[in-house]
Structures are given as C-alpha cells and as structure tokens.
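The chain contents come next:
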Amino acid sequence: VGSPSSTDAAEVAGATQLDLAASPNPFHDGSDLRFSVPREDRVSLAVYDASGRLVRELVDDTVGAGSHTTRWDGRDTSGQRVATGVYFARFTTTEGERVRKMIRVQ
C-alpha cells in the first residue's frame, strides 16, 4: 500500500475542506483513495466490509495540508484478496470524517 503522497504546492494551497474520493470505483485490482485536509492533521484511513469489520488500515499518520493519494490493492491485512462486494473507506481527522462506498467486482 505505501505511504500517502503529496501533490504540488499550488494544489496544497487550494485545499480548504476534508474530502475523500475513490477511483476507479467499481474496481477490480485496486483503487486509488484521494483525500484532502485543510491543515496538517492526524489522519486515519481504513477499509471496512459491509458488516463493519476492519479489512485493512491504509493510513494512520500525521499528514501535511493538501491532497494526498494512497492505493488500496483490494487485499486485507493478511494479504489475501478480498471477495467481490461492497466495502467502505473511512477517512477520519480531528476536523471530522468522510465515508465512501467502494465496490469490488470480478
């Protein structure tokens, strides 16, 4: 999965609110999760299955203001590919949280 990557300074200056997006969605092999924070903050980004069980924690770190991207490869914490179905990416900061539905297809 790797650590989140930052974008350029012009885009950092434009980040004024919390945001979370997944692309592609639906996905087969993986999805890029793009999140934005208005200022440096502690961030948690995790994927849950439809029953609310934690599938994988992707980010648990302090990040700088702006937009960041991390990839979920469609695998759980043990490295196993998850089943086809509905998953939820939950993005949490001290400012609030966002949740996005993601669909894994065959």
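Here the structure is a predicted model, which means the values were calculated and not measured. (Residues numbered from 1 in each chain as written. Predicted model: local features only at pLDDT ≥ 70, side-chain atom pairs only at ≥ 80, totals over all residues. Heavy atoms only, no water.)

### So, the nonpolar core
Then comes step 1: Within the largest apolar cluster, 19 residues are counted, with the highest numbers of intra-cluster contacts made by L33, F35, L45, W72 and F91.
Then comes step 2: Within the residue set of this core, elements represented by two or more residues are β3 (31–37), β4 (41–49), β5 (54–63) and β7 (85–93).
Then comes step 3: Ranked by the residues each element gives to this core, the list is headed by β5, at 4 residues. (Core = buried A, V, L, I, M, F, W, Y, C linked by side-chain atoms within 4.5 Å. Buried < 20%, exposed > 50% of the residue type's maximum accessible area, 1.4 Å probe, protein only. Helix = DSSP H or I, 4+ residues; strand = E, 2+ residues; numbered from the N terminus.)

### Topic: the sheet that holds strand β8 (residues 96–104)
Strand-to-strand pairing in sheets goes through backbone hydrogen bonds, with the strands running parallel or antiparallel.
Then comes step 1: One open sheet holds the 4 strands; their spatial order is β5-β4-β7-β8, and the pairing between them is antiparallel. Pairing within the sheet leaves two strands with one partner each, and these edge strands are β5 and β8. For this sheet the average axis-to-axis angle between neighbouring strands, irrespective of direction, equals 15 degrees.
Then comes step 2: Direction of pairing for β7 relative to β8: antiparallel, over a ladder of 9 bridges. If you follow R90 over to β8, its bridge partner there is V99. (Pairing = 2+ DSSP bridges. Axes fitted to C-alpha atoms, helices over the stretch in contact; angles between N-to-C directions.)

### Some thoughts on the pairing of strand β6 (residues 66–72)
On any regular strand, side chains alternate: one points to one face of the sheet, the next to the other face.
Then comes step 1: Where burial is concerned, most of β6 is hidden: 5 out of the 7 residues are buried.
Then comes step 2: In the sheet, β3 pairs with β6 via 7 bridges, with the strands oriented antiparallel. Along β6, the bridge assignment pairs L33 with T70.

### Side note on a nonpolar patch on the surface
Then comes step 1: Among the surface-exposed residues, V86, I103 and V105 lie close enough to one another that they form a single nonpolar patch of about 170 Å² accessible area.
Then comes step 2: Its location among the elements puts V105 in the segment after β8.
Then comes step 3: On the accessibility criterion, V105 (34% relative accessible area) is partly exposed. (Patch = residues over 30% accessible without salt bridge, like charges linked within 9 Å, V, L, I, M, F, W, Y side chains within 5 Å. Areas by Shrake-Rupley, 256 points an atom, 1.4 Å probe, with all protein chains shown as cover. Salt bridge = Lys/Arg side-chain N within 4 Å of Asp/Glu carboxyl O.)

### Overview of the pattern of salt bridges
Then comes step 1: Across all of its chains, the model carries 6 salt bridges by this definition.
Then comes step 2: The residue D32 makes a salt bridge to R71 at a minimum N-O spacing of 3.1 Å. Residue D32 is found in strand β3, and its partner R71 is found in strand β6; the two are separated by 39 residues along the sequence.
Then comes step 3: Using a relative accessible area of 32% as the deciding quantity, one classes D32 as partly exposed.

### Some details on the packing of aromatic side chains
Then comes step 1: Applying the stated criterion across every chain yields a total of 3 aromatic pairs.
Then comes step 2: Here the aromatic rings of F35 and F91 are separated by 5.1 Å at their centres, their planes lie at 40 degrees, and the arrangement is tilted. In this pair, F35 sits in strand β3 while F91 sits in strand β7, placing the two residues 56 residues apart along the sequence. Assigned by exposure class, F35 and F91 land together as buried.
Then comes step 3: Joined through ring pairs, the aromatic side chains of F27, W72 and Y87 make up one cluster. (Phe/Tyr/Trp six-rings, centres within 6.5 Å; stacked < 30°, edge-to-face > 60°.)

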